[in-house]
Amino acid sequence: MMTAKDIFELRKQGHKEEAYEAARALYATDKSPYASLAMFWTAVDMLRLRVSEGRLDEAEKIFLALERLLSTVPDKDGRANDALVNCRDLLTKGHSRQHQQ
């Protein structure tokens, strides 16, 4: 199984879906702050990807998971909270684009 460090490296290399799947596997057995951080940021990546693909139902489910996850993520600088706000805005814009079509 990959470590959180491996997952962040995958993510940095642009392998976002693979990083997300690896983070899900890690988080299933490890709820440490670092594993939670890996799960959070890979889920943010997936939400952005799903919105860009127009797969808003999946993006909504990811957003709800992010809301639950936020309390377990170390966030001294507020970046995770800011990311959650940005995800909410992205979803809102995605929904309004869908309704315009």
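Let us look at the structure shown here. Everything numeric in this text was worked out from a predicted model, so none of it was measured.

1. Looking at the overall build of the chain
Okay, so step 1: Check the secondary structure of the chain and you find five helices and zero strands.
Okay, so step 2: Starting at the N terminus, the α and β elements of the chain follow one another as α-α-α-α-α.
Okay, so step 3: At 14 Å, the chain has a C-alpha radius of gyration in line with the 13 Å of a compact globule built from 101 residues.
Okay, so step 4: Principal-axis analysis of the C-alpha atoms gives the chain an extent of 45 × 25 × 20 Å.
Okay, so step 5: Buried positions account for 40% of the 101 residues belonging to the chain.
Okay, so step 6: Within the chain, one finds 16 positive and 16 negative side-chain charges whose respective centroids are separated by 1 Å.

2. Digging into the nonpolar core
Okay, so step 1: Counting residues in hydrophobic clusters, the biggest one holds 34 residues, and the most contacted among them are Phe-40, Trp-41, Leu-47 and Leu-66.
Okay, so step 2: Of all the secondary-structure elements, those providing two or more residues to this core are helix H1 (4-12), helix H2 (16-29), helix H3 (33-52), helix H4 (56-69) and helix H5 (79-100).
Okay, so step 3: If near-sequence neighbours (up to four positions away) are discounted, Trp-41 is found in contact with Phe-8, Arg-11, Arg-79, Ala-80 and Ala-83.

3. Focus on the packing of aromatic side chains
In this description, an aromatic ring pair is defined by two values, namely the gap between the centres and the angle between the planes.
Okay, so step 1: Going through the model one piece at a time under the given rule, you end up with two aromatic pairs.
Okay, so step 2: Between Phe-8 and Tyr-34, the ring centres sit 5.6 Å apart and the planes meet at 45°, which makes this aromatic pair tilted. Linking Phe-8 in helix H1 with Tyr-34 in helix H3, this pair joins segments that are 26 residues apart in sequence.
Okay, so step 3: Ring geometry for Phe-40 and Trp-41: centres 5.2 Å apart, planes at 85°, overall edge-to-face. Pair check on accessibility: Phe-40 and Trp-41 agree, each one buried.

4. As for the side chain of Ser-36
Okay, so step 1: Residue placement: Ser-36 occurs in helix H3.
Okay, so step 2: Leave out the neighbours within four places in its chain, and Ser-36 touches Tyr-27, Lys-31, Leu-69, Thr-72 and Val-73.

5. Here we look at H2
Note that an α-helix has 3.6 residues per turn; residues three or four places apart therefore point the same way.
Okay, so step 1: Taking 1.5 Å per residue, 14 residues should reach 20 Å; H2 reaches 20 Å between its end C-alpha atoms and fits that length.
Okay, so step 2: For H2, the complete set of buried residues consists of Ala-19, Tyr-20, Ala-22, Ala-23, Leu-26 and Tyr-27. Looking down the long axis of H2, one finds its buried residues gathered within 170° of arc, a one-sided arrangement. Within H2, the exposed residues directed more than 90 degrees away from the buried face are Ala-28 and Thr-29.

6. A few points about the pattern of salt bridges
Okay, so step 1: Applying the stated criterion across every chain yields a total of eight salt bridges.
Okay, so step 2: Here Arg-50 and Glu-17 are joined by a salt bridge, their closest N and O atoms 3.4 Å apart. Of the two residues, Arg-50 is situated in helix H3 and Glu-17 in helix H2; the sequence distance between them amounts to 33 residues.
Okay, so step 3: A salt bridge links Arg-55 to Glu-53, with the nearest nitrogen and oxygen atoms 3.0 Å apart.
Okay, so step 4: The class of Arg-55 is partly exposed, set by a relative accessible area of 36%.
Okay, so step 5: Taking the relative accessible area as the measure of exposure, Glu-53 reaches 37% and is therefore partly exposed.
Okay, so step 6: Salt bridges sharing partners connect three or more residues here, namely Glu-17, Arg-50, Glu-53, Arg-55 and Glu-58.

The rules behind the values
Residues numbered from 1 in each chain as written. Predicted model: local features only at pLDDT ≥ 70, side-chain atom pairs only at ≥ 80, totals over all residues. Heavy atoms only, no water. Helix = DSSP H or I, 4+ residues; strand = E, 2+ residues; numbered from the N terminus. Rg over C-alpha atoms; globule rule 2.2 N^0.38 Å. Buried < 20%, exposed > 50% of the residue type's maximum accessible area, 1.4 Å probe, protein only. Lys, Arg positive; Asp, Glu negative; His and termini not counted. Charge placed at Lys NZ, Arg CZ, Asp CG, Glu CD. Core = buried A, V, L, I, M, F, W, Y, C linked by side-chain atoms within 4.5 Å. Contact = heavy atoms within 4.5 Å. Phe/Tyr/Trp six-rings, centres within 6.5 Å; stacked < 30°, edge-to-face > 60°. Expected span 1.5 Å × (residues − 1). Arc of directions from axis to C-beta. Salt bridge = Lys/Arg side-chain N within 4 Å of Asp/Glu carboxyl O.

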